[in-house]
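What follows is the residue order along each chain.
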Amino acid sequence: MSNTENKIPYKIYLSENEIPKQWYNLRADMKNKPAPLLNPGTGKPLTAEEMSGIFCEELVAQELDDTTPYIDIPQEIQDFYKMYRPAPLVRAYCLEKALGTPAKIYYKFEGNNTSGSHKLNSAIAQAYYAKKQGLKGVTTETGAGQWGTALSMACAYLGLDLKVYMVKVSYEQKPFRREVMRTYGADVTPSPSTTTEVGRKILAEHPGTTGSLGCAISEAVEVATTNEGYRYVLGSVLNQVLLHQSVIGLETKAALDKYGVKPDMIIGCAGGGSNLGGLIAPFMGEKLRGENDYRIVAVEPASCPSFTRGKFAYDFCDTGMICPLAKMYTLGSGFIPSANHAGGLRFHGMSSTLSQLYDDGLMEAVAVEQTEVFEAAEKFARIEGILPAPESSHAIKVAMDEALKCKETGEEKTIVFGLTGTGYFDMVAYEKFNDGKMTDYIPTDEELEESFKHLPKVPGQE
Ligand SMILES: *Cc1c(COP(=O)(O)O)cnc(C)c1O
């Protein structure tokens, strides 16, 4: 064993030819399918026709497809993937040594592109299908800006117009991401704005508001539905996004298979669930088909604990309550993480697919506090060299904890975690941590109960 072990390189790269040519649709192997999106007006499952006013046709088909296990990746998207993929799978030899653990740690690094995260994997797919449908452009919202940046790269590549509604406070406080988007040709508007009806209404009711993600979604959807030739795109949560992100897991599995490595544990951070859903896809597929078993762990912030303290219920995906209802682990669409929360992953809900898998006991979840996340991030940066995104650092924290448990028990477990991106644009959060000014905030049960009271009334849901 130790003989083969020694042969594993620091970085396992696949060749260009080994980049997946098909995405894997995890839903095809699920016995309990994720619950369908509901029309908030009628309480009935959204039809393809209803969806096609908001989303591109091909993406609607992918959203609704619970049965096709493999879906071809169009050649143009494969070509784009070749510019920044395959992403390396790194054996964290330095981290293992520093921790003194017998565990074997691997991480899949998705930060090797200008946007700095895994979001580009779905951005290019969504932009491609919009272009193929002959649309002029797409609209979206962005908070901190990772999604907006990825989408502007994809739209620039395909010659597609992009209108981004960026939460005003981020627009003002994070000018670097804003300028990256503009450099790639996106039209970036601080939200709420006077360019939409919903924006004007919100401004009239709350003059001086610095905006929210929910409000930016409402504006982006309005612009998409009222402008000929535009559709709305979303960077996480949806089934189609998890499908595109399966490229992460497929590459990870192919790289491990080359060296005959079978992981015991797969760990990923969970905001809306897209990177985790993508990373675990082929492994969870084997688990669902009874071929193999893996421990799968979602890591979320204790300040926004959808899995560990949320309710499995139908809820709105946006604060503005105009988007479809999704059945998911949710803290309530009005839940906003405490202002001192600096580490991303602030969505109130979770992918319906992951929510179903979690409810069925097929995966675990843990919540961690942000100061311990930044401690792990800093340690990782100093040992492995990569400056991690705060989101990714949630997974680092739990991977390190698990490796330390192995040190106590002497078990040589193999741990794989997703390193979703780099932290170059998160230096304000790092500054807070370095200055010792970062604090933890965990919502009380009372706060959560208050938020649950506003869950929508849906037939079959008390
Ligand atoms: C957006 C983002 C996440 C969280 O989103 P998911 O959909 O849960 O994957 C995690 N890490 C980075 C770097 C991100 O940009």
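Above this text sits the structure in question.
Now for a look at the structure at hand. Since the structure is predicted, the reported quantities are computational estimates derived from the model, not experimental observations.

1. Looking at the pairing of strand β13 (residues 325–330)
Right, so step 1: Here β13 lies mainly inside the structure; five of its six residues are buried.
Right, so step 2: As judged from the six bridges shared by strand β12 (residues 311–316) and β13, these two strands associate in the antiparallel manner. Opposite Phe316, over in β13, you have Leu325 as the bridge partner.

2. Considering the sheet that holds strand β5 (residues 104–109)
Right, so step 1: Here we have seven strands laid out as an open sheet, ordered β1-β4-β5-β15-β10-β11-β14, and mixed in their pairing. In this open sheet, the two strands that pair with only one neighbour each are β1 (11–12) and β14 (364–368).
Right, so step 2: Running over the sheet, helix α12 (residues 239–258) touches β1, β4 (89–91), β5 and β15 (414–419) and is turned about 140° from β5.
Right, so step 3: In this fold helix α16 (residues 370–384) packs onto β4, β5, β14 and β15, with an angle of close to 95° to the strand it touches most, β14.

3. Structural notes on the packing of helix α3 (residues 57–64) against helix α6 (residues 120–132)
Right, so step 1: The contact between α3 and α6 brings their axes to 8 Å, and the two run at 130°. Here α3 is positioned oblique relative to α6, judged by the angle of their axes. Contacts between α3 and α6 involve Glu58, Leu59 and Gln62 from the former and Gln126, Tyr129 and Lys132 from the latter.
Right, so step 2: Within the contact of α3 with α6, the residues separate by chemical class into two nonpolar, two polar and two charged.

4. Description of the site of the ligand
Right, so step 1: Around the ligand, a shell composed of 17 residues is seen, among which Lys119, Ser236, Gly271, Ser274 and Thr420 lie nearest.
Right, so step 2: The side chain of Thr420 places a nitrogen or oxygen atom 2.7 Å from a nitrogen atom of the ligand.
Right, so step 3: Starting from 380 Å² of accessible surface for the ligand in isolation, the protein chains cover 94%.
Right, so step 4: Split into classes, the residues belonging to the shell around the ligand amount to four nonpolar, 11 polar and two charged.

About the thresholds
Residues numbered from 1 in each chain as written. Predicted model: local features only at pLDDT ≥ 70, side-chain atom pairs only at ≥ 80, totals over all residues. Heavy atoms only, no water. Buried < 20%, exposed > 50% of the residue type's maximum accessible area, 1.4 Å probe, protein only. Helix = DSSP H or I, 4+ residues; strand = E, 2+ residues; numbered from the N terminus. Pairing = 2+ DSSP bridges. Contact = heavy atoms within 4.5 Å. Axes fitted to C-alpha atoms, helices over the stretch in contact; angles between N-to-C directions. Parallel < 35°, antiparallel > 145°, perpendicular 65-115°, else oblique. Nonpolar A, V, L, I, M, F, W, Y, C, P; charged D, E, K, R; others polar. Near = heavy atom within 4 Å. Polar contact = N/O pair within 3.5 Å; in protein donor to acceptor, adjacent residues only side chain to side chain. Areas by Shrake-Rupley, 256 points an atom, 1.4 Å probe, with all protein chains shown as cover.

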